[in-house]
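This is what each chain is made of:
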Amino acid sequence: MKLQRRSAFGWPGTAAGYAPCKNGLVVHYDGANKGLARKPHSACVDYWKWCRRFHMGTRGWADVGYSYAVCAHGYVMEGRGWQRQQAAQPGGNSTWTSVTFMSGPAERPTAAQIGASATCGTGSAARDSPQPCRTTAGSSRRPAPARSCAAS
Ligand SMILES: [Zn+2]
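The shown structure was predicted, so the numbers you read here are calculated from the model rather than taken from an experiment.

A.B. asks: So what's going on with the overall build of the protein chain? Residues and values would help.
C.D. replies: When its secondary structure is counted, the protein chain shows three helices and six strands. For the protein chain, the sequential pattern of α-helices and β-strands runs β-β-α-β-β-β-α-α-β. Sorting the 152 residues of the protein chain into buried and exposed places 38% on the buried side. For the protein chain, the proportion of contacts with a sequence separation of at least 24, taken over those separated by at least 6, is 70%.

A.B. asks: Let's hear about helix α1 (residues 41-57): which residues, and what values?
C.D. replies: Counted at 1.5 Å a residue, the expected span for α1 with its 17 residues is 24 Å, and the 24 Å between its end C-alpha atoms agrees. Buried residues belonging to α1 abut β3 (68-70) and β4 (75-78).

A.B. asks: Help me get a handle on the pairing of strand β5 (residues 97-100), residues and values and all.
C.D. replies: The side chains of a regular strand alternate, residue by residue, between the two faces of the sheet. Side chains Thr97 and Val99 of β5 all project onto a buried face; the interleaved residues Ser98 and Thr100 project onto the opposite face, where all are buried too. Across four bridges, strand β2 (residues 25-30) lies against β5 in parallel orientation. Among the inter-strand pairings, valine 27 is bridged to a residue of β5, identified as valine 99. One ladder, built from two bridges, connects β3 with β5; its direction is parallel. Directly across from tyrosine 68, in β5, lies its bridge partner valine 99.

A.B. asks: Please give an account of the nonpolar core that cites residues and values.
C.D. replies: Counting 27 residues, the largest nonpolar core has Tyr68, Ala69, Val70, Cys71 and Val99 as its most contacted members. Only β2, α1, β3 and β4 provide two or more residues apiece to this core.

A.B. asks: Break down unusual backbone geometry for me, citing the residues and quoting the values.
C.D. replies: Phi angles above zero are rare outside glycine, and glutamine 83 is one such case at about 55°. One can find glutamine 83 in the loop between β4 and β5. By the C-beta count within 10 Å, which is 17 here, glutamine 83 ends up partly exposed. The backbone of methionine 102 shows a phi angle near 55°, a positive value even though the residue is not glycine. Note on placement: methionine 102 falls in the loop between β5 and α2 (111-117).

A.B. asks: Tell me about the environment of lysine 2, residues and numbers included.
C.D. replies: By the secondary structure assignment, lysine 2 is in strand β1 (residues 2-4). Residues contacting lysine 2, with those up to four places away along its chain left out, are Gly74, Tyr75 and Val76.

A.B. asks: Run through the pairing of β2, naming residues and quoting values.
C.D. replies: Burial analysis of β2 places six of its six residues in the buried class, the great majority of the element. Going residue by residue along β2, you find Leu25, Val27 and Tyr29 tucked away on one face and Val26, His28 and Asp30 tucked away on the opposite face as well.

A.B. asks: So what about the confidence of the model for the protein chain? Which residues, and what values?
C.D. replies: Close inspection of predicted coordinates is inappropriate in any region flagged by low pLDDT. Averaged over all residues, the pLDDT of the protein chain equals 83, while 82% of them reach at least 70. Here strand β6 (residues 147-149) stands out as the least confident element of the protein chain, with mean pLDDT 47; α1 is the most confident, with 97. Note on residues 128-152: pLDDT is under 50 here. Beyond four places in sequence and across chains, it has 54 contacts.

Cut-off values and rules
Residues numbered from 1 in each chain as written. Predicted model: local features only at pLDDT ≥ 70, side-chain atom pairs only at ≥ 80, totals over all residues. Helix = DSSP H or I, 4+ residues; strand = E, 2+ residues; numbered from the N terminus. Buried ≥ 20, exposed ≤ 12 C-beta atoms within 10 Å, placed from the backbone. Contact = placed C-beta atoms within 7 Å. Expected span 1.5 Å × (residues − 1). Pairing = 2+ DSSP bridges. Core = buried A, V, L, I, M, F, W, Y, C linked by C-beta atoms within 7 Å. pLDDT = per-residue confidence, 0-100.

Here you go:
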């Protein structure tokens, strides 16, 4: 897992307040196929920055809507971060951690992407030490269904 903190994108600390987000991980995907797996990682960073601008400028949110993004190259890119109020999943914004795969409905997640996402539901991405995700198979907790985001 390769972690990029928000400072790597030139972003200040998040304005999102504390929320426990203890239920597990909600995986989001985009409404359009971005093709980022075929592009250099810099395209992922550009898209992540675009997401934040869109969420703040158009949606009027306090920050990018998700806690994390994971890309096809296996990077975890920090958004709001661990235990912060989310904006991407109405009804679950204080109880679930969100991660976007930045992939479209016809794009199959890469193994690196899935592996990276496993660090996002436990806070281990925040500590920069990969650990198994509690929401994966074999867990007593189940993740919420994957959902498409209008913020594509
Ligand atoms: Zn990437």
